[in-house]
Amino acid sequence: MFDFGIIPPAMFLGMVIFMLYGFPVAFSLAAVGMFFGIIGIITGHFSEAFLQALPLRFFGIVSNDLLLAIPFFTFMGAILERCGLAEDLLEGTGKLFGSIPGGLAYAVILVGAVLGAITGTVAASVITMGVISLPIMLRYGYSPRLATGVIAASGTITQVIPPSLVLVVLADQLGRSVGDMYLGAIGPSILQVTIFVLFILVMSIIRPKLMPPLPKEVRGEFDWALLAKVLMGMVPSIVLIFLVLGTIFMGLATPTEAGALGVVGAMALAALNRRLTWPLIREAMTSTTHITSMVVMILIGSTCFSLVFQGMDGSRWIEHMLSGIPGGPVGFLIFVNIFIFVLAFFLDFFEIAFIVIPMLAPVASSLGIDLIWFGVLICVNMQTSFMHPPFGFALFYLRSIAGKEVKTSDIYMGALPWVGMQLILVAIVIFWPQSVTYWLDHGPKVDPNSIKIEVPGFGSPLGLPPIGGGSGSPQIPGLTLPPLGLPGAPPAPAK
């Protein structure tokens, strides 16, 4: 474990101690990095030349065009959170499914997926659905544990469904395309929604009293007016999803440009709902500034830490420690996901992405693991950080808007089955990588041995030598190469 010195493990332990003590993550990382950097220079284990790269790294962070997608998507989500679109979607969809047991739960899952595809933020989805759906579900006999669990879990789907901010950050840390990360997340997103729906279906059959249908006087008649109301909420959402994701997948826009288009679309939807006001824009800009500043500061702190950590051969220490795990790539993935699941009890997903992923990515690459698959798998795992007690942010959001009749223990216990379903998806993605890679465009498959180069003026095509076999060079009829050397110089004597 200490083949590469004592300092890399000491840095990792120091980082954990600082965070457990409660210091802000960004400053903890920078302080640990600079402290051990000075120790390394004094003891001769670290060259001060590494620190000369620090200003260039800072400039690279603030000039990174990819990270511009974060404030755009955050601003889009903040506007949509307040524009009334979610209310219309939940009301219409709830009445549409209200005649069957678990109908409101189905509506919450469906709307949570739609909101995830147009907002990209967990807080907006959980708070909006909790304010609207939770009182109605409790009023008409839903179990408090089931009601709070389905709302929290449906809000955290936002972590996986594009345009998730987590996928943007992971793409930046792994050095991969955001568009590929979004394509890779399509399969797990569909699987997660399907697992949630199947759970509600099974529970509605086994214990229908936990989720009774709505009374007829509440849900109204199933008529064209109700369908039109649902469509009026869905169609603008689908248009906005295409505006953001479709332009990325078709190569018409970069993620940053698509985020800017999404902001324009969100403002247009708010205007259609007659809620586009200066106070709304000001609140959205304030929220966006806070989140973006937090991300940049954490990224700067993690850069200080990672620069010193790499200079101390910390990456070789991590690779040496993890590459010997039994089971090969699958064993590595199982260990990493257990490790991140435990870290998620204490750290935010931004902190995990900026601290842990740069350490693990080289090991995953050396084991031949597709980094898109690896990134989406980590993203699926990190959605549990919003759900499991005692520090799940989705549970905090629900506690803040739930009435006194809902016990905190009900919120925590209600979340456990949904955490289990999220872990089932983690296992599926580990053992079925095609759930991620199937959606990726790997380019055309070309056999190099079938390539023929036709040169004008020669009688037959020039065939390349077989890859991996044969020797010498192909002979071209009628072509005689002049001897090497300067013009007019005598040929080199034969030996």
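A brief report on the enclosed structure follows.

To continue, consider helix H8 (residues 144-156). The first and last C-alpha atoms of H8 sit 18 Å apart over 13 residues, in line with the 18 Å expected at 1.5 Å per residue. Across the 13 residues of H8, 11 count as buried, placing the element largely inside the fold. Taken together, the buried positions of H8 are occupied by Leu146, Ala147, Thr148, Gly149, Val150, Ile151, Ala152, Ala153, Ser154, Gly155 and Thr156.

Okay, the environment of Tyr140 next. Of note, Tyr140 is situated in the loop between helix H7 (122-139) and H8. The spacing of Tyr140 and Met211 is 71 residues in sequence and 8.6 Å in space, taken between C-alpha atoms.

Turning to the nonpolar core, a few remarks are in order. Counting residues in hydrophobic clusters, the biggest one holds 149 residues, and the most contacted among them are Leu80, Phe332, Phe374 and Trp418. Dropping the residues within four chain positions of it, Trp418 is found in contact with Leu146, Gly149, Val150, Ala153, Phe196, Phe199, Ile200 and Met387.

As a further point, take the packing of helix H10 (residues 178-206) against helix H21 (residues 408-431). Angle between the axes and distance between the axes: these two values describe a pair of packed helices. One can describe the packing of H10 onto H21 by two numbers: an axis separation of 10 Å at closest approach and a directional angle of 140°. Overall, the two elements H10 and H21 adopt an arrangement that is oblique. In this structure, H10 meets H21 at a crossing whose hand is right-handed. Judged by residue contacts, Pro188, Leu191, Gln192, Ile195, Phe196, Phe199 and Ile200 of H10 engage Pro417, Trp418, Met421, Gln422, Ile424, Leu425, Ile428 and Val429 from H21. Class assignment for the residues of the contact of H10 with H21 results in 13 nonpolar, 2 polar and no charged.

The subject of this paragraph is a nonpolar patch on the surface. Together, Leu198, Leu201, Val202, Ile205 and Ile206 make up an exposed nonpolar region whose accessible area comes to about 480 Å². Considering the arrangement of structural elements, one finds Val202 in helix H10.

Tallying each qualifying case throughout the model produces 6 aromatic pairs. Put simply, the rings of Phe196, Phe199 and Trp418 touch in pairs and so form one group of aromatic residues.

Moving on to the pattern of salt bridges. Applying the stated criterion across every chain yields a total of 1 salt bridge. A salt bridge links Arg145 to Asp410; the shortest N-O distance between them is 3.2 Å. One end of the pair, Arg145, is in helix H8; the other, Asp410, is in helix H21, with 265 residues separating them in the sequence. A relative accessible area of 39% means that Arg145 is categorised as partly exposed. Asp410 sits in the buried class, given a relative accessible area of 13%.

As for its position among the elements, Thr74 is in helix H4 (residues 69-82). Ignoring any residue separated from it by four or fewer positions in sequence, one finds Thr74 in contact with Leu165, Thr288 and Ile291.

Let us look at unusual backbone geometry. The step from Pro162 to Pro163 runs through a cis peptide bond, and the omega angle for that step is 5°. By the secondary structure assignment, Pro163 is in the loop between H8 and helix H9 (165-174).

Here is what the cut-offs are and how they apply
- Residues numbered from 1 in each chain as written.
- Predicted model: local features only at pLDDT ≥ 70, side-chain atom pairs only at ≥ 80, totals over all residues.
- Heavy atoms only, no water.
- Helix = DSSP H or I, 4+ residues; strand = E, 2+ residues; numbered from the N terminus.
- Expected span 1.5 Å × (residues − 1).
- Buried < 20%, exposed > 50% of the residue type's maximum accessible area, 1.4 Å probe, protein only.
- Core = buried A, V, L, I, M, F, W, Y, C linked by side-chain atoms within 4.5 Å.
- Contact = heavy atoms within 4.5 Å.
- Axes fitted to C-alpha atoms, helices over the stretch in contact; angles between N-to-C directions.
- Parallel < 35°, antiparallel > 145°, perpendicular 65-115°, else oblique.
- Left-handed = near helix turned anticlockwise from the far one by under 90°.
- Nonpolar A, V, L, I, M, F, W, Y, C, P; charged D, E, K, R; others polar.
- Patch = residues over 30% accessible without salt bridge, like charges linked within 9 Å, V, L, I, M, F, W, Y side chains within 5 Å.
- Areas by Shrake-Rupley, 256 points an atom, 1.4 Å probe, with all protein chains shown as cover.
- Salt bridge = Lys/Arg side-chain N within 4 Å of Asp/Glu carboxyl O.
- Phe/Tyr/Trp six-rings, centres within 6.5 Å; stacked < 30°, edge-to-face > 60°.

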